[in-house]
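What the coordinates show
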Amino acid sequence: MSFKQALKNNLPAPLFHFLRDVPSKAKGLFETKPSGQGPIPPLHLMFDGPRSYEHFINMGNETLEFYKTAVGVKPADSILDIGCGIGRKTIPLLDYLNPEALYVGLDIDRRGIDWLLRNVTSENRRFVFLHLDIYNKFYNPKGALLSSRLVLPFPDASFDIVALWSVFTHMFPRDIAHYLSEISRVLKPGGRVVASYYLLNDEILALMQDSKTDVNFAYQLENCRTTNPNMPEDALAVNDAWLRRVYEDLRLQPEQFLYGGWSKHTPYPGTDTINLQDIVIAQKK
Ligand SMILES: C[S@@+](CC[C@H](N)C(=O)[O-])C[C@H]1O[C@@H](n2cnc3c(N)ncnc32)[C@H](O)[C@@H]1O
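Residues numbered from 1 in each chain as written. Predicted model: local features only at pLDDT ≥ 70, side-chain atom pairs only at ≥ 80, totals over all residues. Heavy atoms only, no water.

1. Brief notes about the sheet that holds strand S7 (residues 219-221)
Strand order in this open sheet of four strands is S6-S9-S8-S7, and the pairing throughout is mixed. Every other strand in the sheet has two partners, leaving strand S6 (199-200) and S7 as the edge strands with one partner each. In terms of strand pairing, strand S8 (residues 224-226) meets strand S9 (residues 236-239) through three bridges, oriented antiparallel. In the strand pairing of S9, Thr226 is matched with Leu236. Contacts from helix H8 (residues 240-249) reach S6 and S9 within the one sheet, and its direction differs from that of S9 by about 70 degrees. (Pairing = 2+ DSSP bridges. Helix = DSSP H or I, 4+ residues; strand = E, 2+ residues; numbered from the N terminus. Contact = heavy atoms within 4.5 Å. Axes fitted to C-alpha atoms, helices over the stretch in contact; angles between N-to-C directions.)

Okay, here's the thing in structure tokens:
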């Protein structure tokens, strides 16, 4: 187990986050932000993934290509990005989406939303961001609301695309099912949901038992597995067959299950960082 994982497995989330911020605050004093690449947050605010300018830019560009080629995102689409973090996958859309489009980013961590409102919405009025104070033991341990009670604050059939990148990998199955029911409601017929997961099936469990996967979901919980019994939301994996049934029941037709690099599958071309996790693309019937 890495030192970082050992800290996560033993410390309360706020203390872990505080300690994790220290090196990136120091690094930020010496590294110059790249210019000409759109807004880029300071390293210590990259709480939602690797703290590196290069990674931030590459991951955004990779996602934009994937949106265009695999998900079929069009320049005039309305997009809801649930768990948008600090906007790693938002910035490249600034040039791609046209003035007819709408992009809404939601997150439960206020730091990212505040930064995005100040640095993105101020210049791009079609990009808006909302903070929802939802509890997550890892990301928002003082949150007042429960995921299982979320009502997305939008009318039925509002969006062409709903995206959740590395969000369901931090949520329990019952909450995922509830989010998917809300997503199905706000999607237009023919619209698509793209979401990443850690999926378990017999083949992947066998690989994991032989220590051949990059992530070891060693702890069994109710209907899911985690890497971290202290803070299960650190990383959660769900059952593949269960998820397929949830999609079917909600009239979300899975079009692609792209198993990821974490379980030694070959990623979708050009998506080495985002398709480390498994990606499911489904269409609202
Ligand atoms: C690993 S980060 C990914 C951020 C971003 N989607 C990306 O791929 O760069 C996970 C994000 O999910 C958010 N999150 C966790 N639980 C959530 C929930 N129940 N509802 C919405 N967002 C949530 C966290 O605050 C965090 O920003």
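2. Remarks on the nonpolar core
One finds Leu180, Ile183 and Tyr197 to be the most contacted residues of the largest nonpolar core, which totals 48 residues. The leading source of residues in this core is helix H6 (residues 173-186), at five residues. Not counting chain neighbours up to four residues away, the residues in contact with Tyr197 comprise Phe168, Thr169, Ile176, Leu180, Val238, Leu243, Tyr247, Gln277, Asp278 and Val280. Of all hydrophobic cores here, the second largest spans 39 residues; its members include Tyr53, Tyr103, Ile113 and Val120. (Core = buried A, V, L, I, M, F, W, Y, C linked by side-chain atoms within 4.5 Å. Buried < 20%, exposed > 50% of the residue type's maximum accessible area, 1.4 Å probe, protein only.)

3. Topic: the site of the ligand
In the neighbourhood of the ligand, 21 residues make up the surrounding shell, with Gly83, Lys89, Asp107, Trp165 and Tyr179 lying closest. Taking Lys89, its side chain carries an N or O atom lying 2.4 Å from an oxygen atom of the ligand. Within the backbone of Trp165, an N or O atom sits 2.8 Å from a nitrogen atom of the ligand. Alone, the ligand offers 590 Å² of accessible surface; in the complex the protein occludes 96% of this. Residues of the shell around the ligand, tallied by class, amount to ten nonpolar, six polar and five charged. (Near = heavy atom within 4 Å. Polar contact = N/O pair within 3.5 Å; in protein donor to acceptor, adjacent residues only side chain to side chain. Areas by Shrake-Rupley, 256 points an atom, 1.4 Å probe, with all protein chains shown as cover. Nonpolar A, V, L, I, M, F, W, Y, C, P; charged D, E, K, R; others polar.)

4. Examining the UniProt feature "domain: Methyltransferase type" (unreviewed entry) in the protein
Those places that UniProt annotates as "domain: Methyltransferase type" (unreviewed entry) correspond, in this numbering, to residues 80-194. Between the C-alpha atoms that bound residues 80-194 there is a distance of 10 Å. The span itself is 26% helix and 24% strand. (UniProt positions renumbered as here; feature names shortened; annotations may be inferred.)

5. Some thoughts on the packing of H6 against H8
Taken N-terminus to C-terminus, the directions of H6 and H8 make an angle of 25 degrees; their axes are 10 Å apart at the nearest point. The angle between H6 and H8 falls in the class roughly parallel. Of the two elements, H6 crosses H8, and the hand of that crossing is right-handed. On the side of H6, the interface is formed by Pro173, Ile176, Ala177 and Leu180, while H8 contributes Trp242, Leu243, Val246 and Tyr247. In terms of residue class, the contact of H6 with H8 is built from eight nonpolar, no polar and no charged. (Parallel < 35°, antiparallel > 145°, perpendicular 65-115°, else oblique. Left-handed = near helix turned anticlockwise from the far one by under 90°.)

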